[in-house]
There are 2 protein chains.
Amino acid sequence: MRISDLGEFGLIDRVAQIVAVERPDVIVGIGDDVAVLEGTGEEWTLAKVDSQVEGVHFLRDAISPRQLGRRALIINLSDIASVGGRALYALVSLALPDDTEVAWVDELYRGLREEGDRFGVVVVGGNMARSKEGAFIDVFVLGSVRREHVLLRSGARPGDRVLVTGWLGDSAAGLQLLLKPTLELAPAEREMLLERHFTPTPRLCEAEVIAHSGAATAMIDLSDGLSSDVGHICERSQVGVRLWAERLPISPTTRQVAAGCRKAPWQLALEGGEDYELCFTAASAEAETLAAAVERETGTPVRVVGEILPPEGGRWLVLEGGREVALEAGGWQHWRQA
Amino acid sequence: MRISDLGEFGLIDRVAQIVAVERPDVIVGIGDDVAVLEGTGEEWTLAKVDSQVEGVHFLRDAISPRQLGRRALIINLSDIASVGGRALYALVSLALPDDTEVAWVDELYRGLREEGDRFGVVVVGGNMARSKEGAFIDVFVLGSVRREHVLLRSGARPGDRVLVTGWLGDSAAGLQLLLKPTLELAPAEREMLLERHFTPTPRLCEAEVIAHSGAATAMIDLSDGLSSDVGHICERSQVGVRLWAERLPISPTTRQVAAGCRKAPWQLALEGGEDYELCFTAASAEAETLAAAVERETGTPVRVVGEILPPEGGRWLVLEGGREVALEAGGWQHWRQA
């Protein structure tokens, strides 16, 4: 059997069975996006790794090395945010071909530094190795969270509302612009979408407000797409979900791109992935107050987009006309044929 | 300018200047083998990443996936040992080609599990991604050390003795056996050297005894080779060193391999690298007592192999006949032409 027969998630489940160990200091172990580890005192340690592989995650001609350095850190910071944590340190492991330009590496690290400085994250180590072909960038991020503030995927309860920060589908729209250069769009809007695609803002500040509120019950960051990621909350919380397509926060620019490539806007918003927004849940009585608090303190809009159902309630999407369809996890996974 | 013009160490120095930040919670940052980070309470956090790249660090036909999994963890555990620490958690980032056999991945994780279980290390997370060619394995290890026990490279003082654990050159001799299959050696000895090459024992237990003794002044693990690694102690401690070739602990088997490939045994011991033994320093009055204590408590032999000189004393190797030659860092670095 090849790994392409299993797909990324199947392979992760399989190796998790091999290495998972029950230990009281491991609060969240292998299988989730971020490890939560018991530290000494009131702080738990957070640890996360994510990679950027040339030709798979990025094309060298399409993204500047500075953007790539920022992005490699951003995707990890977003995971630290997803449990309500604070990011502290990064380690960077590179495998590079012999003919890599030093200037390219310099710019990559300037991007890491720039993004790190924004959020108080220091690069404290790493590794350098040769690659025979293509660049491989692994970034490991360490963070911390006070144990009373940690938000896991497992806390959603039937009746809770589902909320998301920011805008969904912008990153997917940016990708469409790269794939179809003939799509028409005003230069400033094109640039905005490309920036949202390459270097989205990790929602660390928003996560802090959400975690400190005491009102949120579960959280995840949107890396694979809302339809897939909200499914992780359903699995861990053992609940169902109903999302309302008309409530999804989709920018006019992304709607324009969706029209240009003959997709429904909600498809980009639900399945596009890589928005790195936060999806979280809160009791229905507190959801709007919490949304308003996050908007007030961070300037980032927050929208109620769905509700948590009982375990037997299933997973549903209410389309704009009112028709209800099964919510399918349409996100990306490695090795899996579409 | 290409990175092959700078070499691995030159490139690390360069990027360290871009990202290094002075912050009181970063005790040891980028540029050393392991990051030492201020935690809450009496424990400092240790973080380290190292990689195994197919075709660069390993050949798929030469090493079993289980050995490779063990090795990928071992090389990081050795770095945790090098500062006197305890290893706790690992995260594993893989990039794998589509046609990778699931059985190969299973065995890799069984090796990680096996080695982790030996030293109380749990795999708590990781990442899976596609690679277009060859496997890339990054292992990130977290550990801790009580602040009064940490041993850095910077503590060696003139007059101190230089000590090493175990045997030097076995790994290099194992590599010679792989490169020259016609070298004659008894099967049991061949197997021993290959095991020492692929899956050396990280010296975590020995490091604990050394760190708790209070007698050691500096420590490093031998990944690049003693001649290169003791140089790192000299740089950070601003001292010189004299090593005695006749005191180097070299096994009879490795001497036999050295003879078979027409090398001086001390060349394998000093320049071979990948032994993952510990090199440490202690005041001359305490060195033999400390060596005896480590041997008694762990069963691993410890040998005094040199002495620390004043800063202006230079770096020297006394050959077996008594002639003194300049000690040259002969270890491995990526991208650098020999």
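Computed from a prediction, not measured in an experiment: that's the story for all the values here.

(A) Region of interest: the interface of chain B and chain A. Contacts between chain B and chain A engage 75 residues on the former and 74 residues on the latter. For the chain B and chain A pair, buried surface summed over both sides reaches about 6,400 Å², with 64% attributable to carbon and sulfur atoms. Between chain B and chain A we count four salt bridges in total. B:Glu101 is the salt-bridge partner of A:Arg2, the closest N and O atoms lying 3.0 Å from each other. Inspection of the region where chain B meets chain A yields 31 residue pairs in polar contact (both at pLDDT 80 or more). Per element, the largest residue contribution to the side of chain B that touches chain A is ten residues, and it comes from helix H1 (residues 3–19) of chain B. Class assignment for the residues of the side of chain B that touches chain A results in 39 nonpolar, 15 polar and 21 charged.

(B) Molecular detail of helix H10 (residues 284–298) of chain A. Residue and element names in this part refer to chain A. Across its 15 residues, H10 extends 22 Å between first and last C-alpha, which sits within 8% of the 21 Å expected from 1.5 Å per residue. Residues Ala287, Leu290, Ala291, Ala293 and Val294 constitute the buried set of H10. Down the axis of H10, the smallest arc covering the buried residues is 165°, so these residues share one side. The exposed residues of H10 that point more than 90 degrees off its buried face are Ala285, Glu288, Thr289 and Arg296. Buried positions along H10 lie against strand S7 (161–165), helix H6 (204–213), strand S8 (216–221), strand S10 (278–282) and strand S11 (302–309). Glycine 299 sits one or two positions beyond H10 and adopts a positive phi of about 80°.

(C) Looking closely at the environment of B:Thr165. Residues and elements named next belong to chain B. Within the fold, threonine 165 resides in strand S7 (residues 161–165). A relative accessible area of 0% means that threonine 165 is categorised as buried. Taking the C-alpha atoms as reference points, threonine 165 and alanine 47, separated by 118 residues in sequence, lie 23 Å from one another. Once residues lying within four places of it in the same chain are set aside, the contact partners of threonine 165 are Arg203, Glu206, Ile210, Glu277, Leu278, Phe280, Thr300, Pro301 and Val302. Within polar-contact distance, the side chain of threonine 165 engages the side chain of glutamate 277 at 2.6 Å. Among the polar contacts listed, one links the side chain of threonine 165 to the backbone nitrogen of leucine 278, at a separation of 2.9 Å.

(D) Main features of unusual backbone geometry. Residues and elements named next belong to chain A. In the Ramachandran plot, arginine 262 falls in the positive-phi region, its phi being about 55° despite a non-glycine side chain. For arginine 262, the location among the structural elements is in the loop between helix H8 (252–260) and helix H9 (265–271). You will see that glutamate 274, though not glycine, has its phi angle at about 65°, which is positive. Inspection of the secondary structure puts glutamate 274 in the loop between H9 and S10. Overall, glutamate 274 belongs to the partly exposed group, its relative accessible area being 25%.

(E) Up close: the side chain of A:Arg203. All names here are of chain A. Within the element layout of this structure, arginine 203 appears in the loop between helix H5 (187–198) and H6. Residue class for arginine 203 comes out buried when judged on its relative accessible area of 10%. Discounting chain neighbours no more than four positions away, the residues touching arginine 203 are Ala81, Thr165, Gly166, Arg196, Tyr276, Glu277, Leu278 and Thr300.

(F) The side chain of A:Thr217, seen in detail. All names here are of chain A. Position of threonine 217 relative to the elements: it lies in strand S8. Here aspartate 160 takes part through its side chain, which lies 2.8 Å from a polar atom of the side chain of threonine 217. The residues contacting threonine 217, other than those within four sequence positions of it, are Leu151, Leu152, Gly155, Ala156, Arg157, Asp160, Thr281 and Ala282.

Calculation criteria
Residues numbered from 1 in each chain as written. Chains lettered and ligands numbered in written order. Predicted model: local features only at pLDDT ≥ 70, side-chain atom pairs only at ≥ 80, totals over all residues. Heavy atoms only, no water. Contact = heavy atoms within 4.5 Å. Buried area = accessible area lost by both parts, 1.4 Å probe. Salt bridge = Lys/Arg side-chain N within 4 Å of Asp/Glu carboxyl O. Polar contact = N/O pair within 3.5 Å; in protein donor to acceptor, adjacent residues only side chain to side chain. Helix = DSSP H or I, 4+ residues; strand = E, 2+ residues; numbered from the N terminus. Nonpolar A, V, L, I, M, F, W, Y, C, P; charged D, E, K, R; others polar. Expected span 1.5 Å × (residues − 1). Buried < 20%, exposed > 50% of the residue type's maximum accessible area, 1.4 Å probe, protein only. Arc of directions from axis to C-beta.

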